[in-house]
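Structural features, examined
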Amino acid sequence: MMRRVLSAALLHLCFCWTASVSIVDYTEATAAPGNVVLLSCYNKDKVKPELTTWVKNGLEVGRSGGDSPGPPDDGGRLTVLHDGSLVIRRVIPGDEGNYLCSSTLQGNRSFQARVVLQVASGPENVSTSVSPATSLSNGTLFIVRGSSVTFNCSASSYPSQQLTWGFTGASSSNTSLVSSSGSWLDLRIDDVQPSAQGVYSCSARNSVSQQTVNKSSELLVYYVPDRHPDCMWTLAQDPSSVQFNCSWFGAYPTPRLRWRDDDDFQVTDSLSVTFNRSLLSDGQTLKCTAQHQLLRAGEEKQCSFTLKLPFPEGDPLATALEATSVTLTCTEATSIPPANTTWRKGMQQDELVPGSKYVILEEGPELKLTILNVSKDDEGVYFCRSENPLAVRELEVYLTVKTSSSSYTGAIIGVFIAALIVGTAGIVAKTVYSSRHRICLGSSFGQLEEERADVLSLMESDDEQIFQDAVPRLPPITNGRHTTLVQIHRIPSSDHEDVETADTSAQQQEDTVQTEEPEDLVTF
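All values derive from a computational prediction rather than experimental measurement.

Next up on the list: the overall build of the chain. Along the chain, the regular secondary structure elements total 5 helices and 34 strands. For the chain, buried positions account for 32% of its 524 residues. Considering only contacts within the chain whose residues lie at least 6 apart along the sequence, 61% involve residues at least 24 apart. When the accessible surface of the chain is split by element, carbon and sulfur atoms take 52% of a total near 32,000 Å².

Here it is in structure tokens:
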């Protein structure tokens, strides 16, 4: 047996020296454990080699043709075919290495081919996880804006692998985020924003076989705006109708809105409804309700407004002179929705149009009407008309136009009245001044009656003869006039006694008076 092997080796050596040898092929082959791999040798011109030998790492592993027996077939796993190819069944990691094929062809020609066999497996068991995240019914994941999220990927490959996290979003496509050659790979994103929404893919690639396995997860970023929905209105061409708009932009996914409690929610971020005057009333509150998946059960966000009738205000009376200008002012600031306010003239309420005669100026809630070069034709009633989808309200203003002569007449009358008042005051003052003594006397006697309850009896000197003996006389006055005597008698005060009673009492007490001294004497 040893002799035959030695003979074959010597024969092979001789062929190497005598035959022309050319290595014309180099290939690489990859096989997974447990699979079958075919290593080709000479496959040109479909020529069948006379002898083919396969050597791995310097050791012969298979032969075909010739008289010499081949090496052990390793349980039938390795077989050399008639065309010189080597078949390896149930590949194991130990089968990898450098294989050299030597083939002897007709005409004393030889051929050699080198094949590098690599045994590789995987990637296998590729798995991903995203936390914290909530899974929807379709497998899509979502997180809340502003939170932190961690992505994990793991796989197994032989002999080695490359793991990569990639991202495809609205603003990027197949962007590589992080890579590693280990068995697992983590990716963390803090303060997640809507731009992070997209598809995250973990790619596991075998470094030898270049076989790649991808596993993806779609991540959604949910968020709701901090503000409430916006309620607005749009006035239609028909003033008795109005369109109410409710919008809640900036929420993901799309929120659900409704205007009335008996309506169904609609998946939209903007909802409009139209109402006519028959469905609206003063003080009515319209409310838009919004729902979102991030809001807790029963939690809603709303916007609302209360409808109000128009109420124009202003001065109902105005006066102007001919050939001048006058401005009528109307204010309307309470209506919801805002009213359309116009100026109209006459009972027919003809709408006034700005021009050479009328100037209409709107300053905030005020609507001013200026009438230029006023004439008698401008006199009459004007209406400030305010209308919103609830109702129409009017302010009636009456304009009186006066001529220039009427103004002069009024001035003359005013001057006359002023002069009359001043003259009357002077006459009254003069009268009071001339009667000042009488006024003082009356005042003195009135005070005397209140304090002492005395009765005054005044008599002319011609009638006092009966008292001459009893009452002392005063010296006569040089001017020859008689002297008036006043005798005061103290009697009880009574509001119901008569002056005549006092005189009678005085006569009855005449004798008593003659013996008594008078209490008081007053001379005028």
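As a further point, take the sheet that holds strand β26 (residues 326-331). Taken in spatial order, the 3 strands of this open sheet run β26-β30-β29, and their pairing is antiparallel. The open sheet has two edge strands, β26 and β29 (358-363), and neither has a second partner. Pairwise comparison of adjacent strand axes, ignoring direction, gives a mean angle of 20 degrees for this sheet. As judged from the 6 bridges shared by β26 and strand β30 (residues 366-371), these two strands associate in the antiparallel manner. Residue pairing in the sheet places V326 in a bridge with I371 of β30.

With that out of the way, let us pick up the nonpolar core. Among the nonpolar cores identified, the biggest contains 21 residues, and F151, W165, Y200 and L219 are the most heavily contacted of them. Top contributing element to this core by residue count: strand β12 (residues 149-158), with 4 residues.

A separate point is unusual backbone geometry. Each neighbour pair has its own omega, and for S131 with P132 the value is -10 degrees, a cis peptide bond. Along the chain, P132 falls in the loop between β9 (121-131) and β10 (134-135). For the bond running from I336 to P337, omega is -5 degrees, close enough to zero to count as cis. Structurally, P337 can be placed in the loop between β26 and β27 (340-345). The phi dihedral of R90 is positive, around 50 degrees, even though this residue is not glycine. Tracing the chain through its elements places R90 in the loop between β6 (86-88) and β7 (97-105). Judged by relative accessible area, R90 falls into the partly exposed class, the value being 49%. Even without a glycine there, the phi angle at A323 is positive, about 70 degrees.

What follows deals with the state of the cysteines. Applying the stated rule across the entire model yields 5 disulfides. Across the disulfide, C231 is cross-linked to C303 (sulfur-sulfur distance 1.9 Å). What sets the handedness of the C231 and C303 disulfide is the S-S torsion sign, and at about 75 degrees it is right-handed. Taken together, the positions of C231 in strand β18 (residues 230-235) and C303 in strand β24 (residues 301-306) put the pair 72 residues apart, joining distant regions of the chain. A single burial state applies to C231 and to C303, both of which are buried. Regarding the disulfides, the chain carries the connectivity 1-2, 3-4, 5-8, 6-7, 9-10 under sequence-order numbering of its bonded cysteines.

Let us look at the side chain of N245. Structurally, N245 is set in strand β19 (residues 241-247). Look at N245 and you get buried, because its relative accessible area is 14%. Within polar-contact distance, the side chain of N245 engages the side chain of S272 at 2.6 Å. Once residues lying within four places of it in the same chain are set aside, the contact partners of N245 are D230, C231, M232, T234, W259, L271 and S272.

Another aspect to go through is the environment of R145. By the secondary structure assignment, R145 is in the loop between β11 (141-144) and β12. Taking the relative accessible area as the measure of exposure, R145 reaches 35% and is therefore partly exposed. The sequence separation of R145 and A196 amounts to 51 residues, and the corresponding C-alpha distance is 9.4 Å.

Time to look at the packing of aromatic side chains. For the structure shown, the criterion picks out 11 aromatic pairs. Directly above the aromatic system of F265 lies the positively charged group of R256, at a separation of 5.2 Å from the ring centroid.

As a further point, take the side chain of E387. Along the chain, E387 falls in strand β31 (residues 380-387). The class of E387 is buried, set by a relative accessible area of 13%. A polar contact of 3.1 Å, which involves the side chain of E387, links it to the side chain of R277. Residues in contact with E387, not counting those within four places in the same chain, are P239, R277, A339, N340 and V392.

Counting across every chain of the model gives 15 salt bridges. K357 is the salt-bridge partner of D378, the closest N and O atoms lying 2.8 Å from each other. Here D378, found in the loop between β30 and β31, pairs with K357, found in the loop between β28 (350-351) and β29; they are 21 residues apart in sequence, far enough to count as distant. A salt bridge links K368 to E363, with the shortest nitrogen-to-oxygen separation between them at 3.4 Å. Relative accessible area serves as the criterion here: at 24%, K368 is assigned to the partly exposed category. For E363, a relative accessible area of 39% gives the class partly exposed. Each of the salt bridges in this network shares a partner with another, and the network as a whole consists of R277, R385, E387 and E394.

Two strands in a sheet stick together by hydrogen bonds in their backbones, pointing the same way (parallel) or opposite ways (antiparallel). With respect to topology, 6 strands assemble into an open sheet ordered β10-β11-β17-β16-β13-β14, the strand pairing being mixed. Of all strands in the sheet, those bounded by a partner on one side alone are β10 and β14 (175-180). As paired elements, β10 and β11 share 2 bridges and run antiparallel to each other. Residue pairing in the sheet places S135 in a bridge with L141 of β11.

What counts and how
Residues numbered from 1 in each chain as written. Predicted model: local features only at pLDDT ≥ 70, side-chain atom pairs only at ≥ 80, totals over all residues. Heavy atoms only, no water. Helix = DSSP H or I, 4+ residues; strand = E, 2+ residues; numbered from the N terminus. Buried < 20%, exposed > 50% of the residue type's maximum accessible area, 1.4 Å probe, protein only. Contact = heavy atoms within 4.5 Å. Areas by Shrake-Rupley, 256 points an atom, 1.4 Å probe, with all protein chains shown as cover. Pairing = 2+ DSSP bridges. Axes fitted to C-alpha atoms, helices over the stretch in contact; angles between N-to-C directions. Core = buried A, V, L, I, M, F, W, Y, C linked by side-chain atoms within 4.5 Å. Disulfide = S-S within 2.5 Å. Polar contact = N/O pair within 3.5 Å; in protein donor to acceptor, adjacent residues only side chain to side chain. Phe/Tyr/Trp six-rings, centres within 6.5 Å; stacked < 30°, edge-to-face > 60°. Lys NZ or Arg CZ within 6 Å of the ring centre and 35° of its normal. Salt bridge = Lys/Arg side-chain N within 4 Å of Asp/Glu carboxyl O.

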